[in-house]
Amino acid sequence: MARDRQIVIRTLARRPRIVAVVVRLAPGERDDLYVRRDLDKLSAASPPQVGGVLVGRARRAGNLRSFYREAQRRFGIRWELLAAINFVESDFGRARTTAKADAQGPMQFEPATWRAYGMGGNVNDEHDAVLAAANLLARNGGRTDERAALRHYNRSPLYWDAVLRLAHRIATVPTALREYHAWKLYLRKR
């Protein structure tokens with residue numbers, strides 16, 4: 001069912017007139033439609049990657065949730081925000097960058113940013129990457145102003161909006177994380 005819903009969201013997000021009608025009829029679906037639209041715009045405006053992307057398996061959703069919650073306890077960044085970033089950045093670790101010049105790991109860190117916030121961990125390790133993301137956000141005001149902290153993660157308002165909407169849905173719909181985890185990864189061809 002989660003993948004069927006994903007197809008519906010992807011299809012509706014490409015049709016602005018339908019989005020306006022659906023938002024009025026089903027306000028609970030608004031976040032996902034806007035996220036898809038924002039990420040499509042962001043992707044279209046982004047330069048191509050230096051290298052390619054390999055597709056792998058994601059860790060189980062329960063394991064990832066335990067990493068997010070540990071990071072929340074340690075750094076005071078809510079776990080839903082970390083889950084949303086992980087989803088947007090790498091589809092929970094499924095999309096793996098192959099070029100060293102590109103951002104790396106499941107939370108997509110540039111090398112200099114990893115050196116500053118990675119705490120000596122492994123950028124490709126899900127646990128280390130989630131803790132580093134929480135560290136980055138906490139050190140940039142994320143405990144009190146998530147939007148401002150997200151500016152240090154990505155400069156695009158489309159990104160901030162998408163991540164915050166996903167985090168909202170994860171926080172308010174008990175099955176959202178498992179649903180997103182079940183979605184199929186689609187890679188955009190250039």
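Parameters at a glance
Numbering of residues starts from 1 in each chain and follows the order in which that chain's sequence is written. Only residues with pLDDT of at least 70 get local features here, since the model is predicted, and only at 80 or more are side-chain atom pairs given and counted; chain-wide, interface and lining totals rely on the full set of residues. The side-chain numbers reported here are obtained from all heavy atoms of the structure, hydrogens and water having been left aside. Axes, fitted as lines to C-alpha atoms, cover a helix only where it is in contact. Angles between the N-to-C directions of the axes lie from 0 to 180 degrees. Going along the chain from the N terminus, every DSSP run of H or I of four or more residues is numbered as a helix, and every run of E of two or more is numbered as a strand. In this scheme, roughly parallel covers angles under 35 degrees and roughly antiparallel covers those over 145, while 65 to 115 is roughly perpendicular and the rest are oblique. Crossing handedness: left-handed means the near helix sits turned counterclockwise from the far one by under a right angle, and right-handed means the same turn made clockwise. Whether two residues are in contact is decided by their heavy atoms, any of which lying within 4.5 Å being enough. What counts as a ring pair is set by centres within 6.5 Å for rings of Phe, Tyr and Trp (its six-membered ring), and what kind of pair is set by the plane angle: stacked under 30 degrees, edge-to-face over 60, tilted for all other angles. For each residue, the accessible area found with a 1.4 Å probe, counting protein chains only, is set against the maximum for its type, and the residue is called buried under 20%, exposed over 50%, and partly exposed in between. Each ring is checked for a lysine NZ or an arginine CZ that lies within 6 Å of its centre and within 35 degrees of its normal; such an atom marks a charge sitting over the ring. One less than the number of residues in a helix, times 1.5 Å, gives the span that helix is expected to have. Polar contacts, as used here, are pairs of N or O atoms within 3.5 Å; protein pairs need one atom able to donate a hydrogen and one able to accept it. Residues neighboring in sequence count only if both atoms are side-chain atoms. Under the grouping applied here, Gly and all other residues not named as nonpolar or charged are polar, the nonpolar ones being Ala, Val, Leu, Ile, Met, Phe, Trp, Tyr, Cys and Pro and the charged ones Asp, Glu, Lys and Arg.

### Focus on the packing of helix H3 (residues 30-45) against helix H9 (residues 157-172)
No. 1: Where H3 meets H9, the closest approach of the two axes is 9 Å, and the angle between their N-to-C directions is 155 degrees. Compared by their axis directions, H3 and H9 come out roughly antiparallel. The element H3 and its partner H9 pack so that their crossing is left-handed. Contacts between H3 and H9 involve Asp31, Asp32, Tyr34, Val35, Asp38, Leu39, Lys41 and Leu42 on the former and, on the latter, Leu158, Tyr159, Asp161, Ala162, Arg165, Leu166, His168 and Arg169.

### Remarks on the packing of aromatic side chains
No. 1: Using the criterion set out here, one finds eight aromatic pairs in the structure.
No. 2: Ring geometry for tyrosine 153 versus tyrosine 159: centroids 6.4 Å apart, planes at 5 degrees, classification stacked. A single burial state applies to tyrosine 153 and to tyrosine 159, both of which are buried.
No. 3: Among the aromatic residues, those joined into a cluster by ring pairs are Phe87, Phe92, Tyr180 and Trp183.
No. 4: The side chain of arginine 151 reaches across the aromatic face of tryptophan 160, ending 4.8 Å from its centre.

### Remarks on H9
Because the α-helix completes a turn every 3.6 residues, residues three or four places apart line up on one side.
No. 1: Between its first and last C-alpha, H9 extends 22 Å over 16 residues, near the 22 Å set by a 1.5 Å rise per residue.
No. 2: For H9, the set of buried residues is Tyr159, Trp160, Ala162, Val163, Leu164, Leu166, Ala167, Arg169 and Ile170.
No. 3: Two to three positions downstream of the cap, the backbone nitrogen of leucine 158 sits 3.1 Å from a side-chain oxygen, assigning the N-cap of H9 to serine 156.

### Quick look at the side chain of threonine 97
No. 1: Of note, threonine 97 is situated in strand S2 (residues 95-97).
No. 2: Residue class for threonine 97 comes out buried when judged on its relative accessible area of 15%.
No. 3: Within the structure, threonine 97 has its side chain in polar contact with the backbone oxygen of alanine 103 (distance 3.2 Å).
No. 4: At a separation of 3.3 Å, a polar atom in the side chain of threonine 97 contacts the side chain of glutamine 108.

### Brief notes about the environment of histidine 168
No. 1: With respect to the helices and strands, histidine 168 occurs in helix H9.
No. 2: When the C-alpha atoms of histidine 168 and alanine 84 are compared, they prove to be 9.0 Å apart, with 84 residues separating the residues in sequence.
No. 3: A polar atom in the side chain of histidine 168 sits 2.7 Å from the side chain of aspartate 31.

### Details of the packing of helix H4 (residues 61-75) against helix H5 (residues 79-90)
No. 1: Where H4 meets H5, the axes come as close as 8 Å, and the angle between the chain directions of the two elements is 130 degrees. Between H4 and H5, the crossing angle belongs to the class labelled oblique. H5 is crossed by H4, and the crossing has right-handed handedness. Residue-level contacts link Leu64, Arg65, Tyr68, Arg69, Ala71 and Gln72 of H4 to Trp79, Glu80, Leu82, Ala83 and Asn86 of H5.
No. 2: Residue classes in the contact of H4 with H5 are distributed as six nonpolar, two polar and three charged.

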